[in-house]
Amino acid sequence: MSTLAIDKAGPSRKVKYGSMSRDRTWALRWSYFFLVLFAIFFLTPPVYMLITSLKSSAEISAATNPWWVFHPTLSNYVELLTSNQFLRFFWNSSVVAIAVVIITMLISIPAAFALARMKFWGSATLATGVFLTYLIPDSLLFIPLFKMLAVFQDYTGITLLNRWYVLLFIYPTLTVPFCTWIMIGYFASIPKELDEAALIDGASWLQTLTRIFIPVALPGLIAATIFAFTVSWAQFLYPLVFTTSVDQFVLPVGITTTLIKGDVFNWGQIMTGALLGAAPPLVIYAFLMDYYIAGLTAGATKG
Amino acid sequence: MADVSLRKVIKRYDDVEAVRGIDLEISDHEFIVLVGPSGCGKSTTLRMIAGLEDISDGDILIGGDVVNDVPPKDRDIAMVFQNYALYPHMTVAENMSFGLRLKHYPKAEIKERVTEAARLLDITDLIDRKPKQLSGGQRQRVAMGRAIVRNPKVFLFDEPLSNLDAKLRVQMRIEIKKVHQKVRTTTVYVTHDQVEAMTLADRVVVMNKGRIEQIGTPNELYHKPATRFVAGFIGSPAMNFLPCRLEDVGGTLQIRLTDRIAFALPPARAARYNALPRTEKLLLGIRPEHLTESHAHLEPGVETFETVLDVTEPMGMETLVYFGLDGTPICGRVNPNAGAKDGSPMRLAMDLNNMHLLNEATGVVL
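Cut-off values and rules
Residues numbered from 1 in each chain as written. Chains lettered and ligands numbered in written order. Predicted model: local features only at pLDDT ≥ 70, side-chain atom pairs only at ≥ 80, totals over all residues. Helix = DSSP H or I, 4+ residues; strand = E, 2+ residues; numbered from the N terminus. Buried ≥ 20, exposed ≤ 12 C-beta atoms within 10 Å, placed from the backbone. Contact = placed C-beta atoms within 7 Å. Pairing = 2+ DSSP bridges. Axes fitted to C-alpha atoms, helices over the stretch in contact; angles between N-to-C directions. Domains from an automatic or database assignment. Nonpolar A, V, L, I, M, F, W, Y, C, P; charged D, E, K, R; others polar. UniProt positions renumbered as here; feature names shortened; annotations may be inferred. Expected span 1.5 Å × (residues − 1). Core = buried A, V, L, I, M, F, W, Y, C linked by C-beta atoms within 7 Å. Parallel < 35°, antiparallel > 145°, perpendicular 65-115°, else oblique. Left-handed = near helix turned anticlockwise from the far one by under 90°. pLDDT = per-residue confidence, 0-100.

(A) Molecular detail of the overall build of chain B. Across its full length, chain B carries nine helices and 21 strands. Projected onto the principal axes, the alpha-carbon positions of chain B cover approximately 80 × 45 × 35 Å. Across the 366 residues that make up chain B, the buried fraction comes to 39%. Looking at chain B alone, contacts between residues at least 24 apart form 66% of all its contacts between residues at least 6 apart.

Here's what the structure looks like:
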């Protein structure tokens, strides 16, 4: 009886295995189909930007095929990259984004460590609270924030409004909660015994954080860094509200306010500026992504 | 090197008492094993010695000093964890030297100590590898190396072999014993495996429900258990417990197991149990090795009875036989050549010279 059952099971399992690989083929075909669809959908705007940036104003307004460059020119690039104003925006954006990343990390990492590891009264509630603050949209938050800074200015005489560095106080309201939340998750995934071992080895809390947690959670740290940089770099509403002088502008606000004069849209330069503005995050992604994935896989095989 | 004392140590979590006032004196160089089922408080006790858990009441002394409020790093202890807890981003050498580097030892001394520990543990070739490139056994050696290089007063082991497969566990058990013979550091070792406890310990502390059931050498625990819990926990297969009562028949003291089975007690045992009330509900505790096949020349105090075997388990050097007496399942150990077969009748001999008698209600060995 039993041998008969085994004989039957043998070939039937083989057939199932074959069908599984057929399933896989189909799954792959569908994946490719949707991935290609996705790629077309998301790559069309940047490609269109690139094409437009290579045209002269005359060609843009001419009724030719918008998807083809007949007389390619780099004049838009030359003009923007030699314009002190544009370089000023770029500089402001860079300083703000880098400073915000540093400020965010200096706050988020110790905060996440404390919330994830140093069990104190209310730490769980506080961790949830941190995440909830992230859910408040910036379009709601900017009014009270503006009011606060205005009152601050009235009382202390220190001017923060209409200064690029006001953004160093404003952006962390967006980046700190989210980065803290990501880091709490990463720190929580580190086995408890690791900090206990460090504690017994003689490490203080700070040494445990800097010598064990930060190196071990590096992939999470990089994810948080990328997030903080992207958010600061692309933020539009806050700089639009809090800065009004041209020399204080960051890139997104600068491009839209100085390259659109009344109802005249300088499309070639707008597209060029947007493309140049998109470059730094792209470079950072390209550079850090490899490291990020390497870190992820190293963690996965740790066992 | 130091002795460790626990005095009326209590650990409370909210309303639950995990450790209920334990007293333990561990002398210098001693290898103590805390053993018990999960949830018995053994790990909590170890963690309190380490300083990873606060104690709710009582005192813990290391080397004569009360360390109740001393942080782990100042207790001069080293701990080996069940999941090794190696720092994944550091090499083996860096892992082992981490504690020394934090204390700013001179580089030359760190190198010397790490080399020495690596040699002792036979991991010299692995010194530049990361933990993820090591096998489970190698990782556990590194974890021990990390403890050894610090030359602490006390080693604490928290179930260090539980993550290893059976064969490796036996091997590492011997390694740990060898290391202790060389470094002679006072050691507290927690395990739920009674074989580990018996083989490693100078003295074993059996814990149950937050209390110490018995402290003794492995042999004492095996041959003179104090309670039913210890008697049943130490030894594999476990000791058999049969409901019984004492009765006097014609001037001799008898132990009655079932309606048809009653044995006269050997004189030494009869003298010991004679004062017990005859009405008391008792348990006969007998280890499987004292239930063997019957043969022609039985020693005094060995009594035989006929039974039908339910199941037999040939182990090679012996055969385990399972049967029931009045519904109580019983295990015996017979010679593999004795012809024990599933479902067949067999005459077995019970060695009453090695019996234990327990109070059924209190579980105390009489």
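Picking up after the structure, the text goes on.
(B) Summary view of the overall build of chain A. In terms of regular secondary structure, chain A is built from 14 helices and two strands. When each of the 303 residues of chain A is scored for burial, the buried share is 29%. Sequence separation of 24 or more characterises 75% of the internal contacts of chain A that already satisfy a separation of 6 or more.

(C) Layout of the sheet that holds strand S18 (residues 319-325) of chain B. Residues and elements named next belong to chain B. One open sheet accounts for three strands, arranged S17-S18-S19; its pairing is antiparallel. Each edge of the open sheet is held by one strand with a lone partner, namely strand S17 (311-314) and strand S19 (328-334). Across this sheet, the average inter-strand angle for adjacent strands is 25°, counted without regard to direction. Bridge count between S17 and S18: four bridges; the pairing is antiparallel. From the neighbouring strand, Val-311 faces S18, where its bridge partner is Tyr-322.

(D) Layout of the domain arrangement of chain A. Residue and element names in this part refer to chain A. Structurally, chain A comprises domain 1 (2-53) and domain 2 (75-300). Taken together, the contact pairs four residues of domain 1 with seven residues of domain 2. Looking at side-chain class alone, the side of domain 1 that touches domain 2 contains two nonpolar, two polar and no charged residues.

(E) Representation of the interface of chain A and chain B within the structure. Contacts between the two partners involve 17 residues from chain A and, on the opposite side, 18 residues from chain B. Those elements giving two or more residues to the side of chain A that touches chain B turn out to be helix H9 (192-201) and helix H10 (205-216) of chain A. Looking at which element gives the most residues to the side of chain A that touches chain B, the answer is H9 of chain A, with seven residues. Along the lines of polarity and charge, the residues of the side of chain A that touches chain B split into nine nonpolar, four polar and four charged.

(F) Region of interest: the UniProt feature "transmembrane region" (unreviewed entry) in chain A. All names here are of chain A. Sites flagged by UniProt as "transmembrane region" (unreviewed entry) map to residues 30-51, 89-114, 120-143, 164-188, 208-229 and 267-288. Taken end to end, residues 120-143 has its terminal C-alpha atoms 34 Å apart, with 75% of it in helix and 0% in strand. Across residues 164-188, helical content stands at 84% and strand content at 0%; the span's end C-alpha atoms are separated by 36 Å.

(G) Looking closely at H10 of chain A. Residue and element names in this part refer to chain A. Counted at 1.5 Å a residue, the expected span for H10 with its 12 residues is 16 Å, and the 15 Å between its end C-alpha atoms agrees. Residues Thr-208, Leu-209, Arg-211, Ile-212, Phe-213 and Val-216 constitute the buried set of H10. Buried residues in H10 make contact with helix H4 (84-117), helix H8 (172-188) and H9.

(H) Inspection of the domain arrangement of chain B at higher detail. Structurally, chain B comprises domain 1 (4-225) and domain 2 (240-359). Inter-centroid distance (C-alpha atoms) of domain 1 of chain B to domain 2 of chain B is 41 Å.

(I) Representation of the pairing of strand S11 (residues 240-249) of chain B within the structure. All names here are of chain B. Inspection of the sheet shows S11 paired to strand S14 (residues 282-286) by five bridges, in the antiparallel sense. For Asn-240, the partnering residue across the bridge sits in S14 and is Ile-286. Here S11 runs beside strand S12 (residues 252-256); their pairing, made up of five bridges, is antiparallel. From the neighbouring strand, Val-249 faces S12, where its bridge partner is Thr-252. Here S11 folds back onto S12 in antiparallel fashion, the turn holding two residues, of which Gly-250 has a positive phi close to 55°.

(J) Representation of the UniProt feature "domain: ABC transporter" (unreviewed entry) in chain B within the structure. Feature annotation in UniProt assigns "domain: ABC transporter" (unreviewed entry) to the following positions: residues 4-234 of chain B. Taken as a whole, residues 4-234 of chain B contains 37% helix and 26% strand, while its terminal C-alpha atoms sit 25 Å from one another.

(K) The arrangement of the pairing of strand S1 (residues 4-13) of chain B in detail. Residue and element names in this part refer to chain B. Sheet topology places S1 next to strand S4 (residues 57-62); five bridges connect them, and they run antiparallel. Residue Ile-10 lies in a different strand from S4, and its bridge partner there is Asp-57. The pairing of S1 with strand S2 (residues 16-26) spans eight bridges and is antiparallel. Looking at S2, one finds that Leu-6 is bridged to Leu-24. Between S1 and S2, which follow one another and run antiparallel, lie two residues, and Asp-14 among them has a positive phi close to 50°.

(L) Region of interest: the sheet that holds strand S21 (residues 356-359) of chain B. Residue and element names in this part refer to chain B. Taking strand neighbours across the sheet as the criterion, the five strands line up as S13-S12-S11-S14-S21 in an open arrangement whose pairing is antiparallel. Taken across any chain shown, the strands that pair with only one partner, and hence form the sheet edges, are strand S13 (262-264) and S21. In this sheet, neighbouring strand axes are inclined to one another by 40° on average, regardless of whether the strands run parallel or antiparallel.

(M) Quick peek at the nonpolar core. Counting residues in hydrophobic clusters, the biggest one holds 150 residues, and the most contacted among them are Val-33, Leu-156, Val-188 and Val-205 of chain B. The greatest single-element share of this core, amounting to 12 residues, is contributed by H4 of chain A. The residues contacting Leu-156 of chain B, other than those within four sequence positions of it, are Leu-46, Ile-49, Ala-50, Ile-77, Met-79 and Val-188 of chain B.

(N) Quick look at the packing of helix H2 (residues 92-102) of chain B against helix H3 (residues 107-121) of chain B. Residues and elements named next belong to chain B. Interhelical geometry of H2 versus H3 gives an angle of 135° and a closest axis separation of 10 Å. The orientation of H2 with respect to H3, classified from their angle, is oblique. The two elements H2 and H3 meet at a crossing, and its hand is right-handed. Contacts between H2 and H3 involve Ala-93, Met-96, Ser-97, Leu-100 and Arg-101 on the former and, on the latter, Ile-110, Arg-113, Val-114 and Ala-117. Classifying every residue of the contact of H2 with H3 gives six nonpolar, one polar and two charged.

(O) How the structure looks around the confidence of the model for chain A. Residue and element names in this part refer to chain A. Confidence in the prediction of chain A, expressed as mean pLDDT, is 85, and 89% of residues score 70 or more. The least confident element of chain A, judged by mean pLDDT, is helix H1 (residues 2-53) at 76; the most confident is H4 at 93. Confidence drops under a pLDDT of 50 for residues 1-13, and excluding neighbours within four residues, the segment shows zero contacts in the predicted structure. Every residue in residues 298-303 is under pLDDT 50, and counting partners more than four places away or in other chains gives five contacts.

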